[in-house]
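# Structural features, examined
Listed here are the chains, written in short residue letters.
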Amino acid sequence: RKSFDTFYGPTHIDDIDESLKAIHVNHYASLTRNIHTMVTANRPAWEPVAVNTDEETQADTQLASSLLDYYMREKHLETKFIDSVLKALFLREGWLSLDWSATSGEIYGTTESGAPIYEGDIEVNTHTILDITRDVLRRDMNHDWYIVRKFKNKFDLAAKYPEMLSRLRRAQEA
């Protein structure tokens, strides 16, 4: 909390005298951003490695390399990494969550009822220490469970889950 308040703290000018002004500069945020710039200056260098030497596995490593480059470039994955590093610098932890969104991507067909079928795609989100709940007494990072808080538009949720419409309306009233 103190780190967050200091990072986003006020930068203001106070009147000391009619002719003099004292400027308060947020040095903590400046130093943190400088460290952030040095840490994230180079792009991550992906190099998938095959576990054996057969031809199919070698082709899979080339596909993996191409997919990683695509997601870094087209889906702005690098921006998410950089944002997560900044959160980790001033909040002690920065998190990324990767989810599969079945309703993303282009439509490639329809169901018998006429509903669209999407290709699907990954959804990458950054989170702070306040968004992740886990067993804090466990000292290693091999947790059995995590609870991730995400903010979603209630109208998008109502469109995606029409059977939950009454519960969403009740939540709106509360």
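It should be noted that the structure appears before, not after, this text.
Residues numbered from 1 in each chain as written. Predicted model: local features only at pLDDT ≥ 70, side-chain atom pairs only at ≥ 80, totals over all residues. Heavy atoms only, no water.

With the rule as written, the count across this model stands at three aromatic pairs. Plain terms: the ring middles of Y70 and Y71 are 5.2 Å apart, the flat faces sit at 80° to each other, and that makes the pair edge-to-face. (Phe/Tyr/Trp six-rings, centres within 6.5 Å; stacked < 30°, edge-to-face > 60°.)

Under the definition given, this model contains ten salt bridges. In this structure, E78 engages R43 in a salt bridge whose closest nitrogen and oxygen atoms are separated by 2.8 Å. Of this pair, E78 sits in helix α4 (residues 77-91) while R43 sits in the loop between α2 (27-39) and α3 (55-74), placing them 35 residues apart in sequence. Between R134 and E93 there is a salt bridge whose closest N-O contact spans 2.6 Å. Of this pair, R134 sits in the loop between β7 (132-133) and β8 (147-148) while E93 is found in the loop between α4 and β3 (94-101), placing the two residues 41 residues apart along the sequence. (Salt bridge = Lys/Arg side-chain N within 4 Å of Asp/Glu carboxyl O. Helix = DSSP H or I, 4+ residues; strand = E, 2+ residues; numbered from the N terminus.)

Moving on: the side chain of S101. Note on placement: S101 falls in strand β3. According to the relative accessible area criterion, S101 is buried, its value standing at 8%. Of the polar contacts made by the side chain of S101, one reaches the side chain of S104; its length is 2.8 Å. Among all residues touching S101, those that are not within four sequence positions of it are G120, D121 and E123. (Buried < 20%, exposed > 50% of the residue type's maximum accessible area, 1.4 Å probe, protein only. Polar contact = N/O pair within 3.5 Å; in protein donor to acceptor, adjacent residues only side chain to side chain. Contact = heavy atoms within 4.5 Å.)

On the surface, I35, M38, V39 and L89 cluster together into a nonpolar patch covering about 380 Å² of accessible area. In this fold, L89 is placed in helix α4. (Patch = residues over 30% accessible without salt bridge, like charges linked within 9 Å, V, L, I, M, F, W, Y side chains within 5 Å. Areas by Shrake-Rupley, 256 points an atom, 1.4 Å probe, with all protein chains shown as cover.)

Formed by F7, A29, L86, F90 and L91, the largest nonpolar core amounts to five residues. Among the elements that line this core, the one with the most residues is α4, at three residues. (Core = buried A, V, L, I, M, F, W, Y, C linked by side-chain atoms within 4.5 Å.)

All right, on to the environment of P48 then. Within the fold, P48 resides in the loop between α2 and α3. Residue classification places P48 among the partly exposed residues on the basis of a relative accessible area of 28%. Counting along the chain gives 18 residues from P48 to S66, while the straight-line C-alpha distance between them is 9.9 Å. Among residues more than four places away in sequence, those in contact with P48 are T61, A64, S65 and L68.

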